[in-house]
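The primary structure of each chain is shown beneath.
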Amino acid sequence: MRGRIAGTGSYVPERVLTNAELERMVATSDTWIFERTGIRERRIAAPGETCSDLGTRAAERALEAAGVAAADLDLILVATCTGDAPLPSTACLIQQRLGAVRAAACDLSAACCGFVYALGVGDAFVKTGSRHVLVIGAEVMSMLMDWTDRGTCILFGDGAGAVVLSPSEGERGILSSHLHSDGNLWDLICVPGGGSRIPPSEKMLAEGLQYMKMKGNETFKVAVKTLEEVAREALSANQLAVEDLDLYVPHQANLRIITAVAERLGLPMEKVVLNMDRYGNTSAASIPLALDEAVRGGRVKAGSLVMIEAFGSGLTWASAVIRW
Ligand code: COA
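First, a word on what this report is: a plain description of the structure on this page.

Analysis parameters
- Residues numbered from 1 in each chain as written.
- Predicted model: local features only at pLDDT ≥ 70, side-chain atom pairs only at ≥ 80, totals over all residues.
- Heavy atoms only, no water.
- Pairing = 2+ DSSP bridges.
- Helix = DSSP H or I, 4+ residues; strand = E, 2+ residues; numbered from the N terminus.
- Axes fitted to C-alpha atoms, helices over the stretch in contact; angles between N-to-C directions.
- Contact = heavy atoms within 4.5 Å.
- Core = buried A, V, L, I, M, F, W, Y, C linked by side-chain atoms within 4.5 Å.
- Buried < 20%, exposed > 50% of the residue type's maximum accessible area, 1.4 Å probe, protein only.
- Domains from an automatic or database assignment.

### Considerations on the sheet that holds strand β12 (residues 305-312)
Logical step 1: Reading across the sheet, the four strands line up as β8-β13-β12-β11 and stay open at both edges, with mixed pairing between neighbours. What marks the edges here is a single partner per strand, and that holds for β8 (173-181) and β11 (247-250). Looking at each pair of strands side by side, their axes are set apart by 10° on average, direction ignored.
Logical step 2: Across eight bridges, the pairing between β12 and strand β13 (residues 316-323) is antiparallel.

What follows is the structure in structure tokens.
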């Protein structure tokens, strides 16, 4: 039996950081940011508000929507690159908060692609006998931002989304997952310091190596190419035409990337879920957050055919096709 998304949930911090506020922090403008990215504002976690705080709230909502008790979860996967601490996993902290006493719990690191990867892994567990799997994408991207670097700090935001996967009796569920990576492109987006290569030190902090570095323009081009490829791969594997899709929920990195991919695929923008204007790029949280809004907003119904896809640091790219 394949995994079916039985419930979705999401949560974003209260604090809104607008483009107008960024104008006062770096040499940028609301017009530039909106025209080049489609982003108007993003959410920022309060001091002390952690990745597990956001993830737990999203998970509680997903469990409630699915009608599944935390104690019945077999597995919790948290896709994140901004967990509470290197140890323990953020998944274990969320497990404790939910009271998911039977669940195995671990984090998965695939940056902005993390949720699509974790969904594929969760589905594999359902296929091999797990009953309920909680898949969370949760990020406090603001902790990785150099607020003097206009090339990155305008793009990212904080948030969380979650889904509960349960076994599907019929045609509904995750029809396919296609996951890819190319480590040759690791330096397009990276955080150089804070790991075993450059451990935390005063020198590391002084050089700002704890912050994200990105080659934005190159990333843009690779993103459009890989997203088109992995969408076509998914359609072909399922013997589907692009017209068969009811909804397309892409990673919310940049409106121009999404528009370019939709154009190349021949997909009308009415079928595309967009919310980066309000949240920016929330990395692994972006797809489950957009998916939850689409479900709660009535855009996804039983039987809808939905494609999700993402790209991110690694470089990683991935897609999944879901019969709702
Ligand atoms: N405000 C104003 N000007 C800015 C700016 C900002 N925030 N950021 C860059 N610029 C300037 C550049 O300095 C450059 O100026 P110049 O022509 O005088 O040298 C000009 O705008 C164009 O820069 P460029 O980097 O070519 O812009 P772009 O159109 O590629 O947009 C990004 C930059 C980052 C928005 C875009 O490349 C992008 O979104 N890339 C993908 C990044 C991504 O999605 N990362 C996450 C992956 S999960």
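### With respect to the sheet that holds strand β7 (residues 158-167)
Logical step 1: Spatially, five strands are ordered β1-β7-β6-β4-β5 in an open sheet, and the strand pairing comes out mixed. Each end of this open sheet is capped by a strand with a single partner; those strands are β1 (3-11) and β5 (104-108). The average angle at which neighbouring strand axes cross in this sheet is 20°, direction not considered.
Logical step 2: Docked against the sheet, helix α10 (residues 286-296) engages β1, β6 (133-140) and β7, running at close to 100° with respect to β1.

### Some details on the nonpolar core
Logical step 1: One finds L267 and M307 to be the most contacted residues of the largest nonpolar core, which totals 41 residues.
Logical step 2: Every element with two or more residues in this core is listed here: α7 (216-237), α8 (255-265), β12 and β13.
Logical step 3: No other element matches α7, which puts seven residues into this core.
Logical step 4: Inspection of this core shows a minimum of three residues originating in each of domain 1 (2-170) and domain 2 (175-323).
Logical step 5: Apart from residues no more than four positions distant in its own chain, L267 is found in contact with V242, L245, Y248, A262 and V272.

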